[in-house]
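Fold and contact review
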Amino acid sequence: MKIGLIGLGDIAKKAYLPVLSKKEGIELVLCTRNEETLLSMAEKYRIKERAQNVEELIAANIDAAFVSTATEAHFQITETLLENGIHVYIDKPISLNFHETERIVQLEKEKGKIAMVGFNRRFIPKVKELRDHGKPDFVLMQKNRFKAPDEPRRFIVEDFIHVVDTLRFLMDSDVLDVKVQFLKKGDLLHHLIIQLIGDDCTAVGIMNRDGGVTEEIIEYSAGHHKYVVNSLVETTHYHNKEKSISSFGDWEPTLYKRGFYDLVDHFIQCVEKGQETDPSIGDSLITHEICERIVGMIE
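Throughout what follows, the structure given in this document is the object of discussion. (Residues numbered from 1 in each chain as written. Predicted model: local features only at pLDDT ≥ 70, side-chain atom pairs only at ≥ 80, totals over all residues. Heavy atoms only, no water.)

Some words on the environment of serine 246
Filter applied, for reference: The secondary structure listing takes helices from DSSP runs of H or I that are at least 4 residues long and strands from runs of E that are at least 2 residues long, numbered from the N terminus. Relative accessibility under 20% of the residue-type maximum defines a buried residue, over 50% an exposed one, and the middle range a partly exposed one, all with a 1.4 Å probe and only protein chains included. Whether two residues touch is decided by their heavy atoms; if any such pair falls within 4.5 Å, the residues are in contact. Any N or O atom pair separated by 3.5 Å or less is treated as a polar contact, with the protein-specific requirement of one donor-capable and one acceptor-capable atom, and with residues adjacent in sequence counted only for side-chain atom pairs.
When you line up the elements, serine 246 lands in strand E14 (residues 242–247). Judged by relative accessible area, serine 246 falls into the partly exposed class, the value being 31%. Along the chain, serine 246 and serine 221 lie 25 residues apart, while their C-alpha atoms are 17 Å from each other. When neighbours within four sequence positions are excluded, serine 246 is seen to be in contact with Lys126, Val233, Glu234 and Thr235. Separated by 3.3 Å, the side chains of serine 246 and lysine 126 make a polar contact.

Below, the structure is given as structure tokens:
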């Protein structure tokens, strides 16, 4: 299978390129307009084929593509790829514009191709295993950043969307209502607190982007058990006044801990077998819809 990687920015260099370059059974084609970056990454990973635009990439007869460009370019690139019969993996979000997001979901159906959004937290081992402990009645997730307020749409659709999707995944039930509290100063959103109300489950998501630390913490309560996942790599289990801690071994690679190996494998396997991805593009649309509702409540 021939796969294109479009965009060689920070996340592509840290995650997608190291994982894809080690994957057996695929032929990788790099694509970016930055010629210097294109040459250096091709030499570093010994990749022969490269392209400087999407048209050149399509001409290389790729079967699928990973879109890891700036968010503003996601829609046009993804639309062009799907129109040309190419399966697409899209680094979240699909687009900052909800109508463009809906268009991609519709186009995936029309063309009969696979499109998947890269919500990697669904594939992180310490997050996935929480669902093995039974249906929760309460979930809390904090994803805080140091000194980085932003305008509401970008804050929510480009960053907080991970919180919304992870809470939906862990709730494992339909979201029946959404409640929102926030602090906005001028044009910038400083912090956001949401409640997702489900059937016998409440999920709370918090993001403070004007705090003193960058951190990510998930609390998962099921019955008389509480599990706390810290920084996505360590789980503390509380039960009957006792606690136990589980973490990864010293030799587990970071990209495995953060779900990228399993995420990439899942997309490629679904393309090979012609199967719908999990999450499907339709399920990911629900996450985008909730984010759009939150933006509307704030603006």
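Comments concerning the nonpolar core
How we decide: Residue types Ala, Val, Leu, Ile, Met, Phe, Trp, Tyr and Cys, when buried and joined through side-chain atoms within 4.5 Å, form a set referred to as a nonpolar core.
Membership of the largest hydrophobic core comes to 63 residues, with the highest contact counts inside it found for Leu81, Ile156, Phe160, Ile218 and Ile294. Among the elements that line this core, the one with the most residues is helix H7 (residues 152–171), at eleven residues. Excluding anything up to four places from it in sequence, isoleucine 156 contacts Ile161, Leu189, Leu192, Cys291, Ile294, Val295 and Ile298. Listed in part, the 30 residues of the second largest apolar core include Met41, Met116, Phe260 and Val271.

A few points about the packing of aromatic side chains
Inclusion rule: Centres within 6.5 Å are what make two rings of Phe, Tyr or Trp a pair, Trp counting through its six-membered ring; a difference in plane orientation under 30 degrees is then read as stacked, over 60 as edge-to-face, and the rest as tilted.
Tallied over the entire structure, the rule returns seven aromatic pairs. Ring geometry for tyrosine 16 and phenylalanine 260: centres 5.6 Å apart, planes at 85 degrees, overall edge-to-face. With a gap of 244 residues between them, tyrosine 16 in helix H1 (residues 10–21) and phenylalanine 260 in helix H9 (residues 260–273) connect regions that are remote in the sequence. Given a relative accessible area of 7%, phenylalanine 260 falls into the buried group. Measuring from ring centre to ring centre gives 5.8 Å for tyrosine 89 and phenylalanine 267, while their planes differ by 70 degrees; the resulting arrangement is edge-to-face. Remark: phenylalanine 267 occurs in helix H9 and tyrosine 89 occurs in strand E5 (residues 87–90); sequence separation between them is 178 residues. No difference in accessibility class separates tyrosine 89 from phenylalanine 267, as the two residues are buried.

A few points about the pairing of E5
The line we're drawing: Here, a strand pair is defined by DSSP locating no fewer than two bridges between the strands. With its strands directed away from the observer, a crossover is right-handed exactly when the path from the first strand over the helix to the second travels clockwise.
In E5, alternate side chains face the same way, and those of His87 and Tyr89 on one face and Val88 and Ile90 on the other are all buried. With four bridges connecting them, strand E4 (residues 64–67) and E5 associate as parallel partners. Across the sheet, phenylalanine 66 pairs through a bridge with tyrosine 89, a residue of E5. On the question of chirality, the crossover connecting E4 to the parallel E5 by way of helix H4 (residues 71–83) is right-handed. Summarising the sheet, E5 and strand E6 (residues 115–117) pair through three bridges and their orientation is parallel. Residue pairing across strands places isoleucine 90 opposite valine 117, the latter belonging to E6. After leaving E5, the chain enters helix H5 (residues 98–111) and then returns to the sheet as E6, a path that is right-handed.

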